[in-house]
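Observations on the three-dimensional arrangement
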Amino acid sequence: MQDLTKVAVVTGASRGIGAVIARHFAAQDFAVLVNYKTSKDEADAVVADIIRTGGYAASFEADVTSDSEAKGLIDFAISEFGRVDVLVNNAGLAVGRPLIEIDTDHVNAQTALNIAGVLFASKHATLAFGDAGGAIINISSVQGVSPIPGGAVYCATKAAVNAITVSLAVELGPRKIRVNAVAPGLTMTDKMIAKIPEEAKQEIIKDTPLGRLGTPEDVAEVVGFLASDAARWITGQVIAASGGYQ
Ligand code: NAP
């Protein structure tokens, strides 16, 4: 076990926004626990990158839709790094589907990860935070307040994330635990670059006041701020990181 100042647990950090959030925390001298569900090689690559640049990190497989695996994740952070200061609930599933094609699996998969996963990881982090409290940052989406056609389930889960953020902020404030959310607009992860047609990207740029697509770094820096002492008086907020896209 290393004697480190601060420890961040990032769920779903094997790729995409989560991987960049993990690297960002490591650059701020946090020890970082990189959670994944199936992508061990990718998670280990994120850890190797962090260690190569002088940081501390470990990876841990846990399906956060399981209460017991979420507990295992936080327990591992304590055994590996001695404490937990920050939890980023980043793992999320976004699947679009028109109403007439919505079935039980479609609803359950997204609610399990985007809602239950956030609650389970937050519960175990709350139990692990020390006397100084902690910070929970939930990754929501602008679609939580601006739903799109074909996105009824995903948008509803992100609206739920916003509600959970406010509810937990009020409940956990007396324990010095701050709970906030970052709501990204479309963010150009490797997966998104490949998935979104050029025409759709141009449409989004047109509707974005700051005139470009978002990057994972745009999101990670807001997460880092919310975890920092500079945000010590901020709780229960959902901050859009979308260049003004609504
Ligand atoms: P992504 O590339 O699909 O990555 C998802 C991550 O979650 C992966 O590391 C994946 O790991 C992990 N994961 C999946 N199921 C899991 C489970 N049951 N338990 C633990 N980890 C699990 O996602 P992303 O696009 O970076 O999005 C990250 C977050 O930002 C999500 O909450 C998403 O809703 C939100 N968001 C994204 C965008 C965007 O444009 N990218 C916009 C708004 C909001 P494995 O591969 O190991 O399963």
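Residues numbered from 1 in each chain as written. Predicted model: local features only at pLDDT ≥ 70, side-chain atom pairs only at ≥ 80, totals over all residues. Heavy atoms only, no water.

**Brief notes about the overall build of the chain**
For clarity, the cut-off: The helix count covers DSSP runs of H or I at least four residues long, the strand count covers runs of E at least two residues long, and both are numbered beginning at the N terminus. Computation of the radius of gyration draws on C-alpha atoms alone. For the globule rule, the value is 2.2 Å times the number of residues to the power 0.38. Under the scheme applied here, a residue whose accessible area is under 20% of the maximum for its type counts as buried, over 50% as exposed, and between as partly exposed, the area being computed with a 1.4 Å probe on protein chains only. Here, two residues are considered to be in contact whenever any of their heavy atoms come within 4.5 Å of each other. Computed by Shrake-Rupley with a 1.4 Å probe, the accessible areas treat only the displayed protein chains as cover when residues are assessed. His residues and chain termini do not enter the charge count, which takes Lys and Arg as positive and Asp and Glu as negative. In this description, the location of a charge corresponds to atom NZ of lysine, CZ of arginine, CG of aspartate or CD of glutamate.
For the chain, the helix and strand inventory stands at 8 helices and 7 strands. Computed over the C-alpha atoms, the radius of gyration of the chain is 17 Å, within 12% of the 18 Å expected from 2.2 N^0.38 for a compact globule of 246 residues. Along the first, second and third principal axes, the C-alpha atoms of the chain reach 50 × 35 × 35 Å. In the chain, buried positions account for 48% of the 246 residues. Intrachain contacts of the chain at a sequence separation of at least 6 include 72% that bridge at least 24 residues. In the form shown here, the chain has an accessible surface area of approximately 11,900 Å², with 55% of it arising from carbon and sulfur atoms. Positive and negative side-chain charges of the chain, numbering 20 and 27 respectively, have mean locations separated by a distance of 3 Å.

**Quick notes on the packing of aromatic side chains**
One pair of aromatic rings is described through two measures. These are the centre distance and the angle between the planes. To keep things clear, this is the line we draw: Pairing of aromatic rings covers Phe, Tyr and the six-membered ring of Trp, with a centre-to-centre limit of 6.5 Å; geometry is then stacked below 30 degrees between planes, edge-to-face above 60, and tilted otherwise.
Tallying each qualifying case throughout the model produces 2 aromatic pairs. Aromatic pair F25 and F30: ring centres 4.8 Å apart, planes at 70°, arrangement edge-to-face. Take F25 and F30: they sit in the same class, and that class is buried.

**Thoughts on unusual backbone geometry**
With phi around 70°, D29 is a residue other than glycine that occupies positive phi space. With respect to the secondary-structure elements, D29 resides in the loop between α1 (16-27) and β2 (30-36). Classification of D29 by relative accessible area gives exposed; the value is 62%. The residue K176 is not glycine, and still its phi comes out positive at about 65°. Here K176 shows up in the loop between α5 (152-172) and β6 (177-184). Under the relative-accessibility criterion, K176 is labelled exposed at 55%.

**Observations regarding the packing of α1 against helix α2 (residues 40-52)**
Helices that pack against each other are described as a pair by the angle of their axes relative to one another and the distance between those axes. Rule in force here: Structural elements are reduced to axes, namely lines fitted to C-alpha atoms, with helices fitted over the stretch in contact, and the angle between N-to-C directions of any two is expressed from 0 to 180 degrees. Every angle not falling under 35 degrees, over 145, or within 65 to 115 is termed oblique; those three ranges are roughly parallel, roughly antiparallel and roughly perpendicular. Should the near helix be turned counterclockwise from the far one by less than a right angle, the crossing is left-handed, whereas a clockwise turn marks it as right-handed. When residues are sorted by character, Ala, Val, Leu, Ile, Met, Phe, Trp, Tyr, Cys and Pro go into the nonpolar class, Asp, Glu, Lys and Arg into the charged class, and all the rest, Gly among them, into the polar class.
At their nearest, the axes of α1 and α2 sit 10 Å apart, and the two run at 20° to each other. With respect to α2, the element α1 is oriented roughly parallel. Considering the relative orientation of α1 and α2, their crossing is right-handed. Along its contact with α1, which presents A19, A22, R23 and A26, the element α2 presents V46, D49 and I50. Its residues placed into classes, the contact of α1 with α2 shows 5 nonpolar, no polar and 2 charged.

**Let's talk about the nonpolar core**
Soluble globular proteins tend to pack their nonpolar side chains together in the buried interior. Using the following cut-off: The term nonpolar core refers to a set of buried residues drawn from Ala, Val, Leu, Ile, Met, Phe, Trp, Tyr and Cys, joined through side-chain atoms within 4.5 Å.
In terms of nonpolar packing, the biggest core is built from 32 residues, with I21, F25, V32, V86, I137 and V223 touching the most fellow members. If you list the elements that add at least two residues to this core, you get β1 (6-10), α1, β2, α2, β4 (86-89), β5 (134-139) and α8 (216-227). The element best represented in this core is α1, accounting for 7 residues. Once residues lying within four places of it in the same chain are set aside, the contact partners of V86 are V7, A8, V9, F25, F30, F129, A135, I137 and A227. Counting 27 residues, the second largest nonpolar core, distinct from the first, contains L73, A91, V118 and V161.

**Some words on the sheet that holds β5**
As a reminder of what qualifies: Pairing between strands is defined by DSSP: at least two bridges between the two strands are required.
If you walk across this open sheet you meet the 7 strands as β3-β2-β1-β4-β5-β6-β7, and the pairing is parallel. Edge positions in the sheet fall to β3 (56-61) and β7 (238-241), since each has one partner strand and no second. Taken pair by pair, the neighbouring strands of this sheet meet at an average axis angle of 20°, ignoring direction. The sheet contact formed by β6 and β7 spans 4 bridges and is parallel. When the bridges of β7 are listed, V182 appears paired with I239. Sitting on the sheet, α5 touches β5, β6 and β7, and the angle it makes with β6 is about 160°.

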